[in-house]
Amino acid sequence: MPIRPELKPLYPSNWPELSRQVRFERAGGVCQRCGRPHGHYLQVLPGGRWKHPHTGHWFNGRGRRISPPDLLELLQARQTKVSLAAAHLNHDPTSNRLRNLEGSKNRWLMCLGSDFRLLAI
């Protein structure tokens, strides 16, 4: 996720490497909150339920395996592409300790807090 120009001075010079390390080495290329895999197109139902692209299992919005939806629910499915970003858990872009960073999909970044949303973009 791009950094807004006015916030760029708050990030360290090694931010691209730090972000990559958090998203792909530590998080393994999946969202640390729900388990959705980076770069994949997923079937997603209203309410956040989603289908894993390789196993075919269904998961809820928190990444817990659930039973598959019925046919009528499947008609509401849409496809979305998962994109991981490194998120500051305390909303402070100058705090770059690894325990303060998380690999999350962009939807979680928008949900972290409306007062702090703009810092993550």
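Provided above is the structure to which this section pertains.
Every residue gets a number counted from 1 within its own chain, in the order that chain's sequence is written. Two thresholds apply to this predicted model, a pLDDT of at least 70 for residue-level local features and 80 or more for giving and counting side-chain atom pairs, whereas whole-chain, interface and lining totals are computed over all residues. Just so you know, side-chain values use all the structure's heavy atoms and leave hydrogens and water out.

Novice: Go over the nonpolar core, please, and point to the residues and values.
Specialist: Buried together is how nonpolar side chains tend to be arranged in soluble globular proteins. Among the buried residues, those of types Ala, Val, Leu, Ile, Met, Phe, Trp, Tyr and Cys that are joined through side-chain atoms within 4.5 Å form a nonpolar core. Exposure classes here rest on a 1.4 Å probe applied to the protein chains alone. A residue is buried below 20% of its type maximum, exposed above 50%, and partly exposed in between. Ranked by size, the top nonpolar core spans 8 residues in total: Ile3, Leu7, Tyr11, Trp15, Leu18, Val22, Ala86 and Leu101. Residue contacts for Val22: discarding those within four places in its chain leaves Ala27, Gln32, Ala86, Leu98, Leu101, Glu102 and Gly103. Counting 5 residues, the second-largest nonpolar core is a separate cluster that includes Leu42, Val44, Trp50 and Val82. Only heavy atoms matter for contacts: two residues are in contact if any of them lie within 4.5 Å across the pair.

Novice: So, the pattern of salt bridges: which residues are in play, and what are the values?
Specialist: By salt bridge we mean one thing: a side-chain nitrogen of Lys or Arg within 4 Å of a carboxyl oxygen of Asp or Glu. One pass over the full model with this rule turns up 5 salt bridges. With a shortest N-O distance of 2.4 Å, Arg4 and Glu6 are connected by a salt bridge. By relative accessible area, Arg4 is classed as partly exposed at 26%. For the salt bridge of Glu73 with Arg49, the shortest nitrogen-to-oxygen distance reads 3.1 Å. With Glu73 in helix H2 (residues 71-74) and Arg49 in the loop between strand S1 (41-44) and strand S2 (50-51), the pair connects residues that are 24 residues apart, well separated along the chain. Taking the relative accessible area as the measure of exposure, Glu73 reaches 27% and is therefore partly exposed. A relative accessible area of 23% places Arg49 in the partly exposed class. Salt bridges linked by common partners bring Glu17, Arg20 and Glu25 together as one network. A run of H or I in DSSP becomes a helix once it reaches four residues, and a run of E becomes a strand once it reaches two; helices and strands are each numbered from the N terminus.

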